[in-house]
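# Fold and contact review
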Amino acid sequence: MATEEVDPRFADLDAWPLTSAMEAMWEGQLAAVAAIGHALPAITAATEAAKAALGDRGRIVYVGAGTSGRVAVQDGAELMPTFAWPSERVRFIVAGGERAFVTSIEGAEDDVDDAVTQINAARLTAHDVVIAVAASGTTPFTVAALQQSGSFGAVTIGVANNPGTALLASAKFPILIETGRELIAGSTRMKAGTAQKIVLNLISSGIMLRLGRVYRGMMVNMQPTNAKLKRRAEAMVAQIAHCEPSHAARSLEQAEGDIKTAGLLALGLDRVDAETILKSCDGNLRRVFAELTKDRNRHPKEAAPRKQGGAVEP
């Protein structure tokens, strides 16, 4: 496997001037990013399938061992603060369990029985999406977990850095990122790990885009849980409603921190109407504004919601 081989170009890397070594490692990171381009169609197909399956109750389940497992945990852990993705709708199946999040658990990646046990305990359904990551593409724990996930009808996505491997063969949606040899042989925390993190970023962010948790480049499902995030939320409401910051702040307070509802309140809707139309549009603000525009076009003589605090129509 390429990820395990010594690259002759860098056999004397430890003897190079540090400046040259740093340049080589940096260039390796750029190559890892470039390698993802060829996989964009596969990444897109996997993301579309994931969105379709998740609905309003499906879970995103990350599977991995060692470095790949920790990269997966990092991506999944960001879903709640960034997109307000419910914590009960993300799960981690990691070789060695939670201890492996921060330490190396020897032999865990070979434990096929534990992989099957953890998957069975998750009680997967066809609404769940399982994303399994392994640089080698052959890690027994990860392959077994993905195969077992498929038996429950879950959407299975496999991300690997070597072609023709068991993980890719076991996935409904295989994603191959050929990052090749590492500058430090076998150290897949480098090029392979970088590529994996980007792929997971693309998949999870793409899912949230399709689910309406992003509007005009803003993370409108974010929860303002501290002063910095509250200021960010107020700025989002002001931008959505084109209103003064003070009016945005009042609307956000009235909406109890819900940015989407606050944006509609700032535009003059009352809370009941705002929550009703958001629910009917599955929380998708773009769809909400399309519906409001249709209503105004169908009933041009009816008064539109009054703008407040200098708010103008988005």
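Heads up: these notes are all about the structure in this document. Predicted model, so just to flag it, every value in this text is computed and none were measured. (Residues numbered from 1 in each chain as written. Predicted model: local features only at pLDDT ≥ 70, side-chain atom pairs only at ≥ 80, totals over all residues. Heavy atoms only, no water.)

In this section: a negative patch on the surface. Together, E106, E109, D110, D111 and D113 give the surface a local cluster of negative charge. Tracing the backbone shows D111 in the loop between β2 (90-94) and α5 (112-122). Judged by relative accessible area, which is 33%, D111 ranks as partly exposed. (Patch = residues over 30% accessible without salt bridge, like charges linked within 9 Å, V, L, I, M, F, W, Y side chains within 5 Å. Areas by Shrake-Rupley, 256 points an atom, 1.4 Å probe, with all protein chains shown as cover. Salt bridge = Lys/Arg side-chain N within 4 Å of Asp/Glu carboxyl O. Lys, Arg positive; Asp, Glu negative; His and termini not counted. Charge placed at Lys NZ, Arg CZ, Asp CG, Glu CD. Helix = DSSP H or I, 4+ residues; strand = E, 2+ residues; numbered from the N terminus. Buried < 20%, exposed > 50% of the residue type's maximum accessible area, 1.4 Å probe, protein only.)

Bringing the packing of helix α11 (residues 259-266) against helix α12 (residues 271-280) into the picture now. One way to put it is that α11 packs onto α12 with a least axis distance of 9 Å and a crossing angle of 130 degrees. With respect to their mutual orientation, α11 and α12 come out oblique. In the packing of α11 onto α12, the handedness of the crossing is right-handed. In this structure, α11 contributes K260, T261, L264 and L265 to the contact, and α12 contributes R271, A274, E275, I277 and L278. Its residues assigned to classes, the contact of α11 with α12 shows five nonpolar, one polar and three charged. (Axes fitted to C-alpha atoms, helices over the stretch in contact; angles between N-to-C directions. Parallel < 35°, antiparallel > 145°, perpendicular 65-115°, else oblique. Left-handed = near helix turned anticlockwise from the far one by under 90°. Contact = heavy atoms within 4.5 Å. Nonpolar A, V, L, I, M, F, W, Y, C, P; charged D, E, K, R; others polar.)

Judged by nonpolar contacts, the single largest core of 33 residues is most densely connected at I60, I131, I157, I175 and I177. Breaking this core down by element, the ones donating at least two residues are α1 (18-35), α2 (40-54), β1 (60-64), α3 (66-77), α4 (79-83), β3 (129-134), β4 (155-160) and α8 (191-210). What I177 contacts, discounting residues up to four positions off in sequence, is A35, I36, A39, V159, A160, N161, A195 and V199. Counting residues in hydrophobic clusters, the runner-up holds 30 residues, among them Y215, V220, A255 and I259. (Core = buried A, V, L, I, M, F, W, Y, C linked by side-chain atoms within 4.5 Å.)

To continue, consider the sheet that holds strand β5 (residues 173-176). Reading across from one edge, β2-β1-β3-β4-β5 is the order of the five strands in this open sheet, with parallel pairing throughout. Each edge of the open sheet is held by one strand with a lone partner, namely β2 and β5. Averaged over all neighbouring strand pairs, the angle between strand axes comes to 15 degrees, with direction disregarded. Pairing between β3 and β4: six bridges, direction parallel. For V129, the partnering residue across the bridge sits in β4 and is V155. (Pairing = 2+ DSSP bridges.)

It is worth spelling out the environment of C281 at this point. By the secondary structure assignment, C281 is in the loop between α12 and α13 (285-298). For the pair C281 and M219, spaced 62 residues apart in sequence, the C-alpha to C-alpha distance is 17 Å. The contact partners of C281, leaving out residues within four places of it in the chain, are R287, V288 and E291.

Here we take up the packing of aromatic side chains. As enumerated under the stated definition, the model contains three aromatic pairs in all. Considering the side-chain rings of F10 and W16, the 5.8 Å spacing of their centres and the 55 degrees angle between planes classify their relative orientation as tilted. Judged by its relative accessible area of 30%, W16 is partly exposed. (Phe/Tyr/Trp six-rings, centres within 6.5 Å; stacked < 30°, edge-to-face > 60°.)

To continue, consider the side chain of S204. Note that S204 resides in helix α8. Among the polar contacts listed, one links the side chain of S204 to the side chain of D75, at a separation of 3.1 Å. (Polar contact = N/O pair within 3.5 Å; in protein donor to acceptor, adjacent residues only side chain to side chain.)

What follows covers the pairing of β1. When a strand is regular, its side chains alternate between the sheet's two faces. The buried count for β1 comes to five of five residues, which makes it a mostly enclosed element. Going residue by residue along β1, you find I60, Y62 and G64 tucked away on one face and V61 and V63 tucked away on the opposite face as well. With five bridges connecting them, β1 and β2 associate as parallel partners. The residue bridging Y62 from the neighbouring strand is F92, located in β2. Looking at chain direction, β1 and β3 are connected through five bridges and run parallel. Its bridge partner lying in β3, Y62 is registered against I131.

At R123, a position not held by glycine, the phi torsion is positive, near 50 degrees. Here R123 lies in the loop between α5 and β3. Taking relative accessible area as the criterion, R123 reaches 66% and is therefore assigned exposed. Positive phi, close to 55 degrees, is recorded for E256, a residue that is not glycine. Judged by its relative accessible area of 66%, E256 is exposed.

Turning to α1, a few remarks are in order. With 18 residues, α1 extends 26 Å between its outermost C-alpha atoms, agreeing within 8% with the 26 Å of an ideal straight helix rising 1.5 Å per residue. Within α1, burial applies to A21, A24, G28, A32 and A35. For α1, the angular spread of the buried residues around the axis is 85 degrees, confining them to a single face. In α1, the exposed residues that point more than 90 degrees away from the buried face are T19, W26 and A34. (Expected span 1.5 Å × (residues − 1). Arc of directions from axis to C-beta.)

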